[in-house]
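# Secondary and tertiary structure notes
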Amino acid sequence: MKALRFHAAKDLRVEEIDAIPAPGPGQVAIRNRFVGICGTDLHEYAYGPIFVPSAPHPFTKAVLPQVLGHEFGGAVTAVGAGVSHVAVGDRVSVQPLIMPRSGDYFADRGLFHLSEDLALAGLSWISGGMAETALLNDYNVVKIPDAMSDEEAALVEPTAVAVYACDRGKITAGQSVLVTGAGPIGMLTLLTAKAFGATTLFLSDLNDTRLELARQILPGVITLNPKRDDIGAAIRAQTEGGVGCDVALECVGNEKALQSCLDAVRKQGVIVQVGLHPGNSGINWHSATFKDVDIRGSWAYPTHLWPRVIDLIATGAIPAMKVVTKKIRLEDAVAEGFDALLDPAGTQLKILIDLT
């Protein structure tokens, strides 16, 4: 079958590889339909291997070369013994986290995303979404309703990141929210915050093209550029009592963006760190203490979120398709997908690869 595999930094190859094996007990085979290119995939391409294991993964034994793609969905083509929640022909969204199901401190508590042996389809598993077919565990596939498109099925994974981030921020109706970073996760987080009832939405980014895209996607969002704007002062001037926003979500993984969140949030506000920082980052801890704020991490998502996120997208509560700016074929994925998304001009937001 045809697949896009990561071999090394700047070495992605669309090549013919062996077909997936027949599903064993508790496994499911699917024909992939759409897959998104994630920021994690871009980091692997530019600087990897990072999450892709160079030595066999301790749990899955996966190793280079790796089929990429963890934002995807498809249709079931075969099921192994003991699988009853999906059947051949069902359309599914893939929840890509793979981990021990028991015998692990966090797994035994249902916190599968916190397992020390965590792996992901498309990063550290036999299969990924950037191939014609994929072999998965039964818990990795969730049936989608007729109201959900195949494209939307591929957007459940990044939307789950946004939903969990807003859960961590405890966003409620009537609140003011800042998101730093106008990439796909930042935009999905804004759309989720709106779905949760936030009424005043701020977005900060250095790229004016991305900010213009954001205004088209979510009219009414207040966009700010740190090159021109004092983020904290601008937000205090536009929030009740001049105190700052209720919740700030850092979706970049950037020290200055995190500091902007701390500056902009009100006393006893909440900061949620969503983006992955590449190294140690400084923050004004005197201000954090003086403002009595909560600073919370937000890692991936609990796997039980999948049905809820599917419902949020399928009902239109979170219009996730608004972040998709382009659809391409697998054979064009490197030049028209990965390279296009790494272009500093920032004209593309979310690119889906069409495998239908």
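Thresholds applied
- Within each chain, residues carry numbers counting from 1 in the order of the written sequence.
- Reporting of local features is limited, given that this is a predicted model, to residues whose pLDDT is at least 70; pairs of side-chain atoms are given and counted only at 80 or more, and all residues count toward the totals for whole chains, interfaces and linings.
- Side-chain measures were taken over the full set of non-hydrogen atoms in the model, leaving aside hydrogen atoms and water.
- Numbering of helices and strands runs from the N terminus, with a helix taken as a DSSP run of H or I at least four residues long and a strand as a DSSP run of E at least two residues long.
- Radius of gyration: over C-alpha atoms. The globule rule applied is 2.2 Å multiplied by the number of residues raised to the 0.38 power.
- In this scheme, a residue with accessible area under 20% of its type's maximum is buried, one over 50% is exposed, and one in between is partly exposed, where area comes from a 1.4 Å probe on protein chains only.
- We call two residues in contact when some of their heavy atoms are within 4.5 Å.
- Areas reported here follow the Shrake-Rupley algorithm with a probe of radius 1.4 Å; residue values treat only the protein chains shown as occluding.
- Positive charge is attributed to Lys and Arg, negative charge to Asp and Glu, and no charge count is given to His or to the chain ends.
- Lysine's charge is taken at NZ, arginine's at CZ, aspartate's at CG and glutamate's at CD.
- Strands were regarded as paired on the criterion that DSSP finds at least two bridges between them.
- For helices, the fitted axis covers only the stretch in contact; all axes are lines through C-alpha atoms, and the angles between them, taken along N-to-C directions, range from 0 to 180 degrees.
- Any angle that is under 35 degrees is reported as roughly parallel, and any over 145 degrees as roughly antiparallel; angles of 65 to 115 degrees are reported as roughly perpendicular and all others as oblique.
- In this classification, the charged set is Asp, Glu, Lys and Arg, the nonpolar set is Ala, Val, Leu, Ile, Met, Phe, Trp, Tyr, Cys and Pro, and all remaining amino acids, among them Gly, are polar.

### Regarding the overall build of the protein
Helix and strand content of the protein: ten helices and 18 strands. At 20 Å, the protein has a C-alpha radius of gyration in line with the 21 Å of a compact globule built from 356 residues. Considered along the principal axes of its C-alpha atoms, the protein spans approximately 60 × 45 × 40 Å. Burial status across the protein gives 59% buried among its 356 residues. The contacts in the protein between residues at least 6 apart in sequence include a share of 70% that link residues at least 24 apart. For the protein, the computed accessible surface area is about 14400 Å², with 52% contributed by carbon and sulfur atoms. Charged side chains in the protein number 30 positive and 39 negative. The centres of these two groups are separated by 3 Å.

### Comments concerning the sheet that holds strand 12 (residues 200–204)
With parallel pairing, the six strands of this open sheet are ordered in space as 13-12-11-14-15-16. Taken across any chain shown, the strands that pair with only one partner, and hence form the sheet edges, are strand 13 (222–224) and strand 16 (294–297). Strand-to-strand twist of the sheet, defined as the mean angle between neighbouring strand axes without regard to direction, takes the value 20 degrees. As paired elements, strand 14 (residues 245–250) and strand 15 (residues 265–273) share five bridges and run parallel to each other. Its bridge partner lying in strand 15, Ala248 is registered against Ile271. Across the face of the sheet, helix 3 (residues 156–168) comes into contact with strand 14, strand 15 and strand 16 while running at roughly 150 degrees to strand 15. On top of the sheet, helix 4 (residues 184–195) reaches strand 11 (176–180), strand 12 and strand 14; it is set at about 175 degrees to strand 12, its chief contact.

### Focus on the packing of helix 3 against helix 9 (residues 306–314)
Interaxial distance between helix 3 and helix 9 falls to 10 Å at its minimum, and their mutual angle equals 105 degrees. By the angle between their directions, the pair helix 3 and helix 9 is classed as roughly perpendicular. Facing helix 3, whose interface residues are Val156, Glu157, Thr159, Ala160, Val163 and Asp167, helix 9 presents Trp306, Arg308, Val309, Ile310, Leu312 and Ile313. In terms of residue class, the contact of helix 3 with helix 9 is made up of eight nonpolar, one polar and three charged.

### A few points about the pairing of strand 3 (residues 27–36)
Counting buried positions along strand 3 yields eight of ten residues, so the element is predominantly enclosed. Strand direction decides the pairing type here: strand 3 and strand 9 (residues 133–137), joined by five bridges, are antiparallel. Bridge pairing in strand 9 links Val28 to Leu136. Of the strand pairs in this sheet, strand 3 and strand 18 (residues 350–354) are connected by three bridges, and their pairing is antiparallel. Opposite Phe34, over in strand 18, you have Asp354 as the bridge partner.

From the geometry alone we can't say anything about function, so treat these as descriptive.
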